[in-house]
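Close look at the chain arrangement
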Amino acid sequence: MNVLFLCTGNSCRSILGEATFNHLAPEGWHAMSAGSQPTGQVHPRSLALLAREGISTEGYYSKSWDTLPATPDIVITVCASAAGEACPAYLGSVLRTHWGVEDPAHATGTDEEIDAAFMTAYRILRARIEAFLALPLKSLQQDKAALKAEMDKIATLTV
């Protein structure tokens, strides 16, 4: 199963989601990330955070949804719609859910405050990914409506 973490810039949240998911995922599950308007670079603080957490950063880069290596089965948008950020709408017959997370790339303040914003985004995404991977995925793959309901519930998890 291919999971796509999607946002606008593909520099922070979607990369954090992709790398964390791939670090934790069981065999047969793979995450990708993309943006509707990719920035062209992964935010250095995202890469530093992943490295501190022991998650490989090898091969992750900012890319467009036009160049996906595989067709996704599940699309998870991570834009913070509450912040007035428009989430891209992936076209195609896939299971979709929205796990909105504030964009740490827009954080301001001291280095510690900005790092804290990245850590908050990471912790929220990790908690949601862990909850997703704890689901009875084999049986839920046969019941898309139940899987969608569970994924939508996971969207409310915070840290």
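Bear in mind the structure is a predicted one, so any value in this text is a computation, not a measurement.

Turning next to the packing of aromatic side chains. Within this structure, the stated rule accounts for five aromatic pairs. With 5.6 Å between their ring centres and 80° between their planes, W29 and F132 make a pair best called edge-to-face. With W29 in the loop between α1 (13-24) and β2 (30-35) and F132 in helix α3 (residues 111-133), this pair connects stretches of sequence that are 103 residues apart. Residue classification places F132 among the buried residues on the basis of a relative accessible area of 1%. Three or more aromatic residues joined by ring pairs make a cluster, and in this case those are F5, F21, W29, W99 and F132.

This part covers the pairing of strand β1 (residues 2-7). Counting buried positions along β1 yields six of six residues, so the element is predominantly enclosed. Residues N2, L4 and L6 line one face of β1 and the alternating positions V3, F5 and C7 line the opposite face, and both faces are buried. In this structure, β1 lies alongside β2, joined through six bridges in parallel fashion. Note on β2: the bridge partner recorded for L4 is M32. Chirality of the crossover, the property in question, places the unit of β1, α1 and β2 among those that are right-handed.

Let us now look at unusual backbone geometry. Leave glycine aside and you will find that most residues have negative phi; peptide bonds, for their part, are mostly trans. If you check the backbone angles, N10 has positive phi at about 50° while not being a glycine. The exposure class of N10 is buried, given its relative accessible area of 0%.

Another point: α1. Over its twelve residues, α1 extends 16 Å from the first C-alpha to the last, a length consistent with the 16 Å expected when each residue adds 1.5 Å. Of all twelve residues in α1, nine are buried, a share of seventy percent or more. Turning to α1, its buried residues are R13, S14, I15, L16, G17, E18, A19, T20 and F21. The elements touched by buried residues of α1 are β1, β2, α2 (44-52) and α3.

Axis separation between α2 and α3 bottoms out at 10 Å; the angle between their running directions is 65°. In terms of orientation, α2 lies roughly perpendicular with respect to α3. Crossing hand, α2 versus α3: right-handed. Here α2 contributes R45, S46 and L49 to the contact with α3, which in turn contributes D111, I114, D115, F118, M119 and Y122. Along the lines of polarity and charge, the residues of the contact of α2 with α3 split into five nonpolar, one polar and three charged.

Now for the nonpolar core. F5, F21, I74, F132 and L147 are the most contacted members of the largest nonpolar core, which totals 40 residues. Put simply, the parts of the chain that give this core at least two residues each are β1, α1, α2, β3 (74-77), α3, α4 (137-140) and α5 (144-154). Of all the elements, α3 adds the most residues to this core, at ten residues. Among residues more than four places away in sequence, those in contact with L147 are I74, L95, F132, L135, L137 and L140. In this structure, L4, A34, L68 and V75 belong to the second largest nonpolar core, which totals seven residues.

Our next topic: the sheet that holds β3. The strand order across the open sheet formed by four strands is β2-β1-β3-β4, and the pairing between neighbours is parallel. Either end of the sheet is taken by a strand with one partner, and the two such strands are β2 and β4 (95-98). Here the strands of the sheet are splayed against their neighbours by 20° on average, with no regard to which way each runs. On top of the sheet, α1 reaches β1 and β2; it is set at about 170° to β2, its chief contact.

Calculation criteria
Residues numbered from 1 in each chain as written. Predicted model: local features only at pLDDT ≥ 70, side-chain atom pairs only at ≥ 80, totals over all residues. Heavy atoms only, no water. Phe/Tyr/Trp six-rings, centres within 6.5 Å; stacked < 30°, edge-to-face > 60°. Helix = DSSP H or I, 4+ residues; strand = E, 2+ residues; numbered from the N terminus. Buried < 20%, exposed > 50% of the residue type's maximum accessible area, 1.4 Å probe, protein only. Pairing = 2+ DSSP bridges. Right-handed = clockwise from strand over helix to strand, strands pointing away. Expected span 1.5 Å × (residues − 1). Contact = heavy atoms within 4.5 Å. Axes fitted to C-alpha atoms, helices over the stretch in contact; angles between N-to-C directions. Parallel < 35°, antiparallel > 145°, perpendicular 65-115°, else oblique. Left-handed = near helix turned anticlockwise from the far one by under 90°. Nonpolar A, V, L, I, M, F, W, Y, C, P; charged D, E, K, R; others polar. Core = buried A, V, L, I, M, F, W, Y, C linked by side-chain atoms within 4.5 Å.

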